[in-house]
Amino acid sequence: MEKIDIRSMNFSEISKALSGILEKNYRIRQVYEWILKGVSSFDEMTNLPKELREKLKHYCVFPSFHIKDKKISQDLTVKYLFELEDGECIESVLMKYKHGYSICISTQAGCKMGCCFCQTGKGGFSRNLTPGEMISQIQAIQRDMNIKISNVVLMGMGEPLDNYENVVKFLELLSSSDHLNIGMRHISLSTCGVVSKIYKLADKKFPITLSVSLHASNDYIRSKLMKVNSSWNIKELLDACKYFISRVGRRISFEYVMIKGLNDSPECAKELASTLKGMLCHVNLIPLNKSVVELEKSPKASIYKFKNILEGQGIATTIRRTLAEDIEGACGQLKGSHIPKEV
Ligand code: SAH
Ligand code: SF4
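Residues numbered from 1 in each chain as written. Chains lettered and ligands numbered in written order. Predicted model: local features only at pLDDT ≥ 70, side-chain atom pairs only at ≥ 80, totals over all residues. Heavy atoms only, no water.

**Side note on the overall build of the protein chain**
Then, number 1: Summing up its helical and strand segments, the protein chain has twelve helices and twelve strands in all.
Then, number 2: The C-alpha radius of gyration computed for the protein chain amounts to 21 Å, which stays within 12% of the reference 20 Å derived for 343 residues, consistent with globular compactness.
Then, number 3: Counting across all 343 residues of the protein chain, residues that qualify as buried make up 52%.
Then, number 4: Long-range contacts, defined as pairs at least 24 residues apart, comprise 65% of the intrachain contacts of the protein chain with a sequence gap of at least 6.
Then, number 5: Carbon and sulfur atoms form 51% of the exposed surface of the protein chain, whose accessible area is close to 15,500 Å².
Then, number 6: Positive and negative charge centroids in the protein chain, built from 48 and 38 side chains respectively, lie 4 Å apart. (Helix = DSSP H or I, 4+ residues; strand = E, 2+ residues; numbered from the N terminus. Rg over C-alpha atoms; globule rule 2.2 N^0.38 Å. Buried < 20%, exposed > 50% of the residue type's maximum accessible area, 1.4 Å probe, protein only. Contact = heavy atoms within 4.5 Å. Areas by Shrake-Rupley, 256 points an atom, 1.4 Å probe, with all protein chains shown as cover. Lys, Arg positive; Asp, Glu negative; His and termini not counted. Charge placed at Lys NZ, Arg CZ, Asp CG, Glu CD.)

See below:
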């Protein structure tokens, strides 16, 4: 018998799955309310008689999910390391902005995509996260900090579009008024460019912000940095982005990590500007976070010059605020600090 994962389900799916188990409808509503509160076990569902809790344990899973580590930076960014039922570890980052709290969540334990500047990529892939494990990251932090999160970005460990079905289910749960009720306009999804899934996602017409990790102005440089460019090149990626814009009507945010001597020259900026000209988009320049490799971040002056060239060509450009540098802010680094050096 495959056990039921009620934390990955909406109310009507839970009602159907539990109808023969709990019999009375109000009991199902009680279970759902506990799930929305983010409890971490059936035993916390205290208004359910013990025998019903035991019955639930028999038919359903409630995978453990606990905070293994937490680091608070001087700028009040909080980085969490969570341990999952099977011992895998993932991380999430809470950021405070003027308008509220934003959380960056993981969608996979590890990542297959192997981008050379990324520590998660270096660590390899373990498994996909379930929709429930994505929801749990938000609930656990809300409970721990006693706050309400208003924005969610899928930009932690993993490639969201390589876990497409679970991520779509998660987006539906997250935005549902009967669940966490965080509207799609407050959600961003970052992809390294899994083109086939960008088309699928566009057809869903979810009004989320799509961030695309471009990181290069031509295929020669991009192929050096990102393995995914050998499956889909820049032209194929941009065609998919244009399709997304036409279906969803929202501008794309292109992420561009600035690496000294590799992709940060004025020529690269000019080439990027001509490639993106006319597209409904925005470019976000990211200072490289020193990770595992022998790459160096671009000097500030090169980043500003790059920005000015893009803006001179009419392309809206921002430089990402670097958060949490004192607590190893880069993708994958908190987890990395827990892995013994010899392994
Ligand atoms: N897999 C998705 C989302 C997770 S990575 C993606 O690649 O888009 C989130 C972002 O962090 C991506 O834009 C990625 O390129 C960036 N990133 C990874 N390693 C980095 C580093 N060392 N410094 C700066 N940004 C990094
Ligand atoms: Fe995976 Fe994104 Fe890291 Fe590339 S940058 S290895 S896609 S997590």
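Moving on from the model shown.
**Thoughts on the pairing of strand β11 (residues 281-287)**
Then, number 1: Among the seven residues in β11, seven count as buried, and that is most of the element.
Then, number 2: Residues Cys281, Val283, Leu285 and Pro287 of β11 are buried on one face, and the alternating residues His282, Asn284 and Ile286, pointing to the opposite face, are buried as well.
Then, number 3: Looking at chain direction, strand β10 (residues 252-258) and β11 are connected through seven bridges and run parallel. When the bridges of β11 are listed, Val257 appears paired with Ile286.
Then, number 4: Read from β10 through helix α10 (residues 266-276) to β11, the crossover connection turns out right-handed.
Then, number 5: Pairing geometry for β11 and strand β12 (residues 317-319), over three bridges, is parallel. Across the sheet, the residue bridging to Val283 is Thr317, located in β12. (Pairing = 2+ DSSP bridges. Right-handed = clockwise from strand over helix to strand, strands pointing away.)

**Quick notes on the site of ligand 2**
Then, number 1: Close to ligand 2 lie Cys111, Met113, Gly114, Cys115, Cys118, Gly121, Gly158, Glu159 and Cys192.
Then, number 2: The residue inventory of the shell around ligand 2, partitioned by class, reads five nonpolar, three polar and one charged. (Near = heavy atom within 4 Å. Nonpolar A, V, L, I, M, F, W, Y, C, P; charged D, E, K, R; others polar.)

**Thoughts on the site of ligand 1**
Then, number 1: For ligand 1, the set of nearby residues contains 17 residues, the closest of which are Gly158, Ser190, Ser213, His215 and Asn289.
Then, number 2: Within the contact set of ligand 1, a nitrogen atom lies 2.8 Å away from a backbone nitrogen or oxygen of Asn289.
Then, number 3: The protein chains hide 94% of the 530 Å² of surface that ligand 1 would expose on its own.
Then, number 4: Going through the elements one at a time, β8 (187-191) and β10 are the ones with two or more residues in the shell around ligand 1.
Then, number 5: Residues of the shell around ligand 1, tallied by class, amount to seven nonpolar, eight polar and two charged. (Polar contact = N/O pair within 3.5 Å; in protein donor to acceptor, adjacent residues only side chain to side chain.)

**Here we look at the domain arrangement of the protein chain**
Then, number 1: On domain assignment, one finds that the protein chain holds domain 1 (4-61) and domain 2 (68-337).
Then, number 2: In this structure, domain 1 and domain 2 have C-alpha centres spaced 34 Å apart.
Then, number 3: The interface of domain 1 with domain 2 comprises 16 residues on the first partner and ten residues on the second.
Then, number 4: Surface buried jointly by domain 1 and domain 2 totals about 990 Å² across both partners, of which 38% is contributed by carbon and sulfur atoms.
Then, number 5: Three residues stand out in domain 1 for area buried against domain 2, namely Arg7, Ser8 and Leu36, and they jointly supply 45% of the buried area on that side.
Then, number 6: Of the charged contacts in the structure, one is a salt bridge between Glu44 and Arg143, with a shortest N-O distance of 3.3 Å.
Then, number 7: There are eight residue pairs in polar contact (both at pLDDT 80 or more) connecting domain 1 and domain 2.
Then, number 8: Those elements that place two or more of their residues in the side of domain 1 that touches domain 2 are α1 (11-22) and α2 (25-37).
Then, number 9: Counting residues per element, the side of domain 1 that touches domain 2 draws most heavily on α2, at five residues.
Then, number 10: For the side of domain 1 that touches domain 2, the class distribution of residues is six nonpolar, four polar and six charged. (Domains from an automatic or database assignment. Buried area = accessible area lost by both parts, 1.4 Å probe. Salt bridge = Lys/Arg side-chain N within 4 Å of Asp/Glu carboxyl O.)

**Let's talk about the environment of Leu22**
Then, number 1: Of note, Leu22 is situated in helix α1.
Then, number 2: C-alpha of Leu22 to C-alpha of Glu296: the two residues are 274 residues apart in sequence and 58 Å apart in space.
Then, number 3: For Leu22, the contacting residues outside a window of four places in its chain are Arg27, Ile28, Val31, Leu52 and Leu56.

**Observations concerning unusual backbone geometry**
Then, number 1: Even without being glycine, Lys205 reaches a positive phi, approximately 60°.
Then, number 2: Note that Lys205 resides in the loop between α7 (195-204) and β9 (209-213).
Then, number 3: Within the chain, His215 stands out as a residue other than glycine whose phi angle is a positive 65°.
Then, number 4: Using a relative accessible area of 5% as the deciding quantity, one classes His215 as buried.

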